[in-house]
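Structure at a glance
For reference, the chains in residue letters:
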Amino acid sequence: MSTLSNTRTSGATAARLAAGTLALGAATLGYAVGIERRRWTLRTAELPVLAPGSRPFTILHVSDLHMLPGHHSKQRWVAALDELNPDLVVNTGDNLSHRTAVPAVLRALRPLLDRPGVFVFGSNDYYAPKPKNPARYLMPQGKKKRIHGVQLPWRDLRAAFVEHGWTDLTHVRRTVDVGGQRVFAAGVDDPHLRRDRYADIAGPADSGAALRLGVTHSPEPRVLDTFATDGYDLVLAGHTHGGQLRLPGYGAIVTNCDLDRSRARGASRWGAHMWLHVSAGLGTSPWAPARFACPPEASLLTLVPRGSNAGDPHKAAPRKARDSVR
């Protein structure tokens, strides 16, 4: 009888543990899908990257909108970022997730398009996302086959951005006036698709500019190294979604590129001179609509002269939306 009783007790305990695990998993998934992916967040950082004697200014870094036409809350939240009064807007791509989403992206960015801005595109500006096996993201980068959906109207989006005055930095070097100061900027097409041609912009960056800025969608180390070699002060990138699913105490599980996990989100040094800032972005693939310990974000970067005592480069300030994405 004692053995039978112990067996029954062990079975009941195991059943309760299994039920508790399932309940916890369901609650975590519900939070990741229903709450956190709509918990719009403003991340702030102060970076000492300007030439000595330059006046501080701010950059609003927006990335990975992955917009669908019905993302009304996201559109309103992004449009309200204009209230931050940034001096320069940098968009690092993956704006689209649907062939009819260009008007939605323009509604979101419309107030910001009146400000100085630069941009490059990412894979989900060119191609719609497709369902993928999540295990692919745990595979080595070299073993992955790129899976493309239908082509998206990126030319229409580019034309609208340029018409409003934003500069397309795809394989070009340009000088942008920001409050009377020269920003020397250059960018590459999406390295994730291996569309980057750094040779088109290779050469020392303008040493007389207040800021030498590099822009790329995917922060591939091979591209970051070349920007650093050419003397850029700061590179902005997106693509990683900050890992999208992060484990407390561990951080990002993957970056979906060759960048190490510790740099999947926020600011970090790259080499002796250059800074890197990676945005965790504002969206997800419609086929994987979940975030955990990694809320959707835009970033307001305050740039100050080199040698300044910069504050914590990893601050985040939540800005809650008044309603949910429909």
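In this report, we go over the structure that sits alongside the text. What you see is a predicted model; the values in this text were computed from it and never measured.

Criteria and cut-off values
Residues numbered from 1 in each chain as written. Predicted model: local features only at pLDDT ≥ 70, side-chain atom pairs only at ≥ 80, totals over all residues. Heavy atoms only, no water. Salt bridge = Lys/Arg side-chain N within 4 Å of Asp/Glu carboxyl O. Helix = DSSP H or I, 4+ residues; strand = E, 2+ residues; numbered from the N terminus. Buried < 20%, exposed > 50% of the residue type's maximum accessible area, 1.4 Å probe, protein only. Arc of directions from axis to C-beta. Contact = heavy atoms within 4.5 Å. Pairing = 2+ DSSP bridges.

A few words on the pattern of salt bridges. Under the counting rule described, the total for this entry stands at twelve salt bridges. One salt bridge connects Arg-43 with Glu-297, and the closest N-O pair in it is separated by 2.7 Å. Separated by 254 residues along the polypeptide, Arg-43 in strand E1 (residues 41-50) and Glu-297 in strand E14 (residues 297-305) bring together distant segments of the chain. Glu-297 carries the same exposure label as Arg-43, and that label is buried.

What follows deals with helix H5 (residues 154-163). Taken together, the buried positions of H5 are Trp-154, Leu-157, Ala-160 and Phe-161. For H5, the angular spread of the buried residues around the axis is 125°, confining them to a single face. Seen from the open side of H5, the exposed residues pointing more than 90 degrees away from its buried face are Arg-155, Asp-156 and Glu-163. On its buried side, H5 packs onto strand E3 (88-91), helix H3 (102-109), strand E4 (117-119) and helix H4 (123-126). Directly beyond the C-terminal end of H5, a positive phi value near 110° is found at Gly-165.

Across the nine residues of E14, eight count as buried, placing the element largely inside the fold. In the sheet, E1 pairs with E14 via nine bridges, with the strands oriented parallel. By the bridge assignment for E14, Arg-43 is matched with Ser-299. Note: strand E2 (residues 57-62) against E14, five bridges, orientation antiparallel. By the bridge assignment for E14, Leu-60 is matched with Leu-300.

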